[in-house]
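What follows is each chain in one-letter form.
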Amino acid sequence: MTSKPFCRWCGKPIAKKTFGHWFNSPLPQSREDAQRRVNGQITKVNRWPSTIDDKQKAGKIFSANTWDGGSYRTVYGFFCSSVCAGHYAENFADLTGEGHPRWQEAIDKAEGRA
Ligand SMILES: [Zn+2]
């Protein structure tokens, strides 16, 4: 995909498709340290709380989400969510009066034409 996609119902950006990456010891201290150890662009880092007793872990980064710079979540097709896809479908059906052939078959059957 070459350009950033937006939801065809609400216009919000489609979420980036990211991957989880877990770090082995020694854990990175900073986002920059973490970035040097992964492929792809870090979108989020997750740290151990700085208050924990284990000084090897306290405040350090245990995982990060990375993005390849071009992939977006496609689970909802052209939409940011199933809710938006549903709204679009309802609006389309209402405006056009159209439906899936299974819908027409069901009506035909109910009305004794099939
Ligand atoms: Zn949406």
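Presented here is a report on the structure given in the accompanying data block.

**Brief notes about the side chain of S81**
Counting through the fold element by element, S81 comes out in the loop between β3 (61-72) and α2 (82-96). Note on S81: relative accessible area 18%, which makes it buried. In terms of polar contacts, S81 uses its side chain to reach the backbone amide nitrogen of C84, at 3.1 Å.

**A short note on the pattern of salt bridges**
Per the stated rule, a full pass over the model turns up 3 salt bridges. As a salt-bridge pair, R113 and D108 come within 2.8 Å of each other at their nearest N and O atoms. Connected through shared salt-bridge partners, D108, E111 and R113 make up one network.

**Focus on helix α3 (residues 101-110)**
Little of α3 is tucked away: 1 of the 10 residues are buried. Of the residues flanking the end of α3, it is G112, one or two places downstream, whose phi is positive at about 75°.

**Focus: the coordination of the zinc ion**
Around the zinc ion, the protein contributes the donor atoms C7 (SG), C10 (SG), C80 (SG) and C84 (SG), which lie 2.3 Å from the metal centre. Because the angles between the 4 donor atoms bound to the zinc ion fall within 107 to 114°, the donor set is best described as tetrahedral. Mapping the donors of the zinc ion onto the primary sequence yields the spacing C-x2-C-x69-C-x3-C.

**Re the packing of aromatic side chains**
Following the criterion strictly, the structure yields 4 aromatic pairs and no others. Pairing W9 with Y88 gives two aromatic rings, centres 6.4 Å apart and planes at 85°, and the pair type is edge-to-face. Residue W9 is found in the segment before β1 (16-22), and its partner Y88 is found in helix α2; the two are separated by 79 residues along the sequence. Taking the relative accessible area as the measure of exposure, W9 reaches 37% and is therefore partly exposed. Judged by its relative accessible area of 35%, Y88 is partly exposed. Judged by centre distance (5.3 Å) and plane angle (50°), the ring pair of F79 and Y88 falls under tilted.

**Remarks on unusual backbone geometry**
In this structure, P26 follows S25 across a cis peptide bond, with omega equal to 0°. Structurally, P26 is set in the loop between β1 and α1 (31-36).

**What about α2?**
Helix length check: α2, at 15 residues, gives a terminal C-alpha distance of 21 Å against a target of 21 Å (1.5 Å per residue), a fit within 8%. The first or second residue beyond α2 is G97, which carries a positive phi of 75°.

So, how was this worked out
- Every chain begins its residue count from 1, and numbering advances along the sequence as written.
- At least 70 in pLDDT is required for a residue's local features to be given in this predicted model, at least 80 for side-chain atom pairs to be given and counted, and no such filter applies to totals for whole chains, interfaces and linings, which use all residues.
- The basis for every side-chain value is the complete set of non-hydrogen atoms in the structure, without hydrogens or water.
- In this description a helix means any DSSP run of H or I spanning at least four residues, a strand means any run of E spanning at least two, and both kinds are numbered starting from the N terminus.
- Exposure is judged per residue with a 1.4 Å probe applied to protein chains only, and the accessible area is read against the type maximum: over 50% gives exposed, under 20% gives buried, and values in between give partly exposed.
- Whenever a nitrogen or oxygen atom comes within 3.5 Å of another N or O atom, the pair is scored as a polar contact, on the condition that within protein one atom can donate a hydrogen and the other can accept it, and that pairs from neighbouring residues in sequence are kept only if both atoms are in side chains.
- Whenever a carboxyl oxygen of Asp or Glu lies within 4 Å of a side-chain nitrogen of Lys or Arg, that contact is scored as a salt bridge.
- Nitrogen, oxygen and sulfur within 2.8 Å of a metal are treated as its donors, or within 3.2 Å for sodium, potassium and calcium (Na, K, Ca); water is not counted, so a site can appear incomplete.
- In short, tetrahedral needs four donors with all angles between 85 and 135 degrees, square planar needs four and octahedral six donors with opposite donors over 155 degrees apart and all other angles between 65 and 115, and whatever is left is irregular.
- For Phe, Tyr and Trp, where Trp contributes only its six-membered ring, two rings pair if their centres lie within 6.5 Å, and the inter-plane angle classes them as stacked under 30 degrees, edge-to-face over 60, or tilted in between.
- To estimate the expected span of a helix, subtract one from its residue number and multiply by 1.5 Å.

This is a description of form; function is not addressed.
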